[in-house]
Every structure is written in C-alpha cells, then in structure tokens.
Amino acid sequence: AINNADIFSRELIEEAKCFLEKAKKETSDEARTAYLHASLFIAFSALEAHLNSIAEDFLDRKDLTVLEKSILFEKQITFEAGEFKLTEQLKMYRLEDRIEFIIRKFSRKPIKKNEIWWGKIKQGIHIRNKLTHPRGKEVINESMVENSIQAILDTLNIIYKAVYKVSYPLKKRG
C-alpha cells in the first residue's frame, strides 16, 4: 500500500527532475548552478525518504535483530538489563551501507559491486558528499546531476525488486 511517505518520496524525485530541466534552460551560470545543486540534493533526499519508508514497512517484523533495526531506522543501540535495545537517539549509517544492507537482507544476495548501477550510485553519493562537506568550490554539470538521478532511479529499482519483488514505479520515467 502506498503511504504518505511514498507519495512524498516520489514527488521529490519529480521535483529533482524539474530543477534539472530548469538548469538546462537557464542562461545564467549562477542560476544554473543553483538549480543543479537543488536537483541533486532533492534527488538524494528522495532516495533517503524511500529508504526510510521501506524501513517503516518493516517496523513490526519480529525476525529483525536489534542491529538490523538500528541500521534500518538509524537508531542507537544500548545495553540495559542484560539485553540490547534500540534507543530514540540518532545513529547515522552511510547511505551506501543502508542500501547494501536492505538489498542483502531482503534478496539474500550480496550486491555485485562491479555492476554499473552500483558504481553510478557511489559516484553520485561522492558528488553529493563533496557538495555537502565542501573543501572548496565544487563544479557540477547537467550530466553529473542527470547521471545521479538515473543512478538513484536504478538503485530504487534494485531495492524494490529485492524488498517488494516488483519494479520501482517511476523507473520508466527517468
């Protein structure tokens, strides 16, 4: 069933595509760069929103260990009264680790790291990280953003096939 988080995640993908299209039509370098940045950040927000929505789908599963729930929900683990428990404290995991975990957990197969989609999503994450944690001015272009959006769509398709056994609904609209 589609919930509000799924709808919002899909809207974010569409917004990222709109900002990319605006960047392509823009004549001002400053405005083009702003649109490209917005597109890239919103696209990765969409990916993270999808991962969080998938995690919510499995909130009540009894077969998940505390560590697995920690990775899915990005929550800290504590040891109390002789057992491990999830806390409400944030525990951030690398985006690629969460992707890899979800695919491995639900498909029961490891990611083939030599596949094209994996290299492209890693490249997109690298670009996003360089903009998020800048050491200087990073220059990005339309192609880099377009490839990142496509990598996100490809990654979501792989994840949906692993988790839900269906293709990602927006895959064909890349």
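Refer to the preceding data block for the structure.
Overview of the structure. Computed from a predicted model, the values in this text were never measured in an experiment.

What counts and how
Residues numbered from 1 in each chain as written. Predicted model: local features only at pLDDT ≥ 70, side-chain atom pairs only at ≥ 80, totals over all residues. Heavy atoms only, no water. Helix = DSSP H or I, 4+ residues; strand = E, 2+ residues; numbered from the N terminus. Expected span 1.5 Å × (residues − 1). Buried < 20%, exposed > 50% of the residue type's maximum accessible area, 1.4 Å probe, protein only. Arc of directions from axis to C-beta. Contact = heavy atoms within 4.5 Å. Pairing = 2+ DSSP bridges. Core = buried A, V, L, I, M, F, W, Y, C linked by side-chain atoms within 4.5 Å.

## Overview of helix 1 (residues 4-25)
Taking 1.5 Å per residue, 22 residues should reach 32 Å; helix 1 reaches 32 Å between its end C-alpha atoms and fits that length. When we look at burial in helix 1, the residues that qualify are Asp6, Ser9, Arg10, Leu12, Ile13, Ala16, Lys17, Leu20 and Ala23. End-on, the buried residues of helix 1 take up no more than an arc of 150 degrees, which puts them together on one face. In helix 1, those exposed residues whose orientation departs by more than 90 degrees from the buried face are Asn4, Cys18 and Lys25. In this fold, the buried residues of helix 1 make contact with helix 2 (29-57) and helix 6 (142-163).

## Brief notes about the pairing of strand 2 (residues 83-90)
Regular strands have side chains that alternate between both faces of the sheet. In this structure, strand 1 (residues 75-80) lies alongside strand 2, joined through five bridges in antiparallel fashion. For Lys75, the partnering residue across the bridge sits in strand 2 and is Leu90. Counting the residues between successive antiparallel strands, the hairpin from strand 1 to strand 2 contains two residues, one of them, Ala81, with a positive phi of roughly 50 degrees.

## A few points about the nonpolar core
Of all hydrophobic cores here, the largest spans 47 residues; its most connected members are Ile99, Ile102 and Ile121. For this core, the secondary-structure elements that each account for two or more residues are helix 1, helix 2, helix 3 (66-73), helix 4 (95-107), helix 5 (116-132) and helix 6. With 11 residues, helix 2 is the largest single contributor of residues to this core. In this structure Ile102 touches Leu51, Ile54, Leu72, Ile159 and Val163, once residues within four positions along its chain are discounted.

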